[in-house]
Amino acid sequence: MSFRASVLTLYPEMFPGTLGQSLAGRALDNRIWELDVTQIRDFAEGKHKNVDDTPSGGGAGMVLRADVVGRAIDSVSLPDDPRPRLMMSPRGKPLTQARVRDLKDGPGVVIVCGRFEGLDQRVIDARDLEEVSIGDYILSGGEVAAQVLLDSVVRLLPGVMGNDISGETESFETGLLEHPHYTRPAEWEGLSIPDVLSSGNHGKVEEWRRKQAEKLTKERRPDLWEAAQKK
């Protein structure tokens, strides 16, 4: 069974977007994974199909209504659906490579893309939405964040990358940032490829790569370096 992603959004025209290109796009064409996109507004009632309302207690902005979003979720995810229900939100738990791998091993995901000030908390609680963040910054909505999450997962599905080992040696997989890469030409604008990479000594190459990964991690992500030392 292929990995199935159901995305709920007010802007279905934004999909597949980047997910229709390159590795993810080819995998979508080859049915390694499936994508269905639902327009949240289709579940609004009344003449004007309102999906939002003013915040209870006052304040700026608008909030997506629980009744509308709840109906939209129920249309794509029955109570026995084994797929986790995610909501892209800056207040969510940070998306990590470990979580990406967990999702990759599952049957798929249901993703709610928030807009405005967010969703009514009642639908988050009642539909057991797991809030996920892709970084400490604010986007106009959850669509781009959903594409980031799906791209990170889909590329790891069996048969998507030409060499599955590539996904095992990247940044975060080992707890460290990835080492620098080089390729031909051997010299470019007076800069040469490090000699060790042309030595043919695989042991020395691996040692160099490990040291470079450690150096970069210490300089750029001391939090990751500290965590790696505790393992």
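The coordinates are above.
Below is a short write-up of the structure. (Residues numbered from 1 in each chain as written. Predicted model: local features only at pLDDT ≥ 70, side-chain atom pairs only at ≥ 80, totals over all residues. Heavy atoms only, no water.)

**Let's talk about the sheet that holds strand E6 (residues 108–113)**
Pairing between the strands of a sheet comes from backbone hydrogen bonds, and it takes one of two forms, parallel or antiparallel.
Move 1: Strand order across the open sheet formed by five strands is E2-E1-E6-E5-E7, with parallel pairing between neighbours. Pairing within the sheet leaves two strands with one partner each, and these edge strands are strand E2 (33–39) and strand E7 (130–133). With direction set aside, neighbouring strand axes in the sheet form an average angle of 35 degrees.
Move 2: Where strand E1 (residues 3–9) meets E6, five bridges bridge the pair, whose relative direction is parallel. Its bridge partner being in E6, leucine 8 is matched across the sheet by valine 112.
Move 3: Packed onto the sheet, helix H5 (residues 143–154) meets E1, E2, strand E5 (85–94), E6 and E7 and runs at close to 165 degrees relative to E6. (Pairing = 2+ DSSP bridges. Helix = DSSP H or I, 4+ residues; strand = E, 2+ residues; numbered from the N terminus. Axes fitted to C-alpha atoms, helices over the stretch in contact; angles between N-to-C directions. Contact = heavy atoms within 4.5 Å.)

**A closer look at the pairing of E6**
If a strand is regular, its side chains alternate between the two faces of the sheet.
Move 1: Counting buried positions along E6 gives six out of six residues, so the element sits mostly inside the fold.
Move 2: Note: E5 against E6, four bridges, orientation parallel. Bridging across to E6, methionine 88 finds its partner in cysteine 113. (Buried < 20%, exposed > 50% of the residue type's maximum accessible area, 1.4 Å probe, protein only.)

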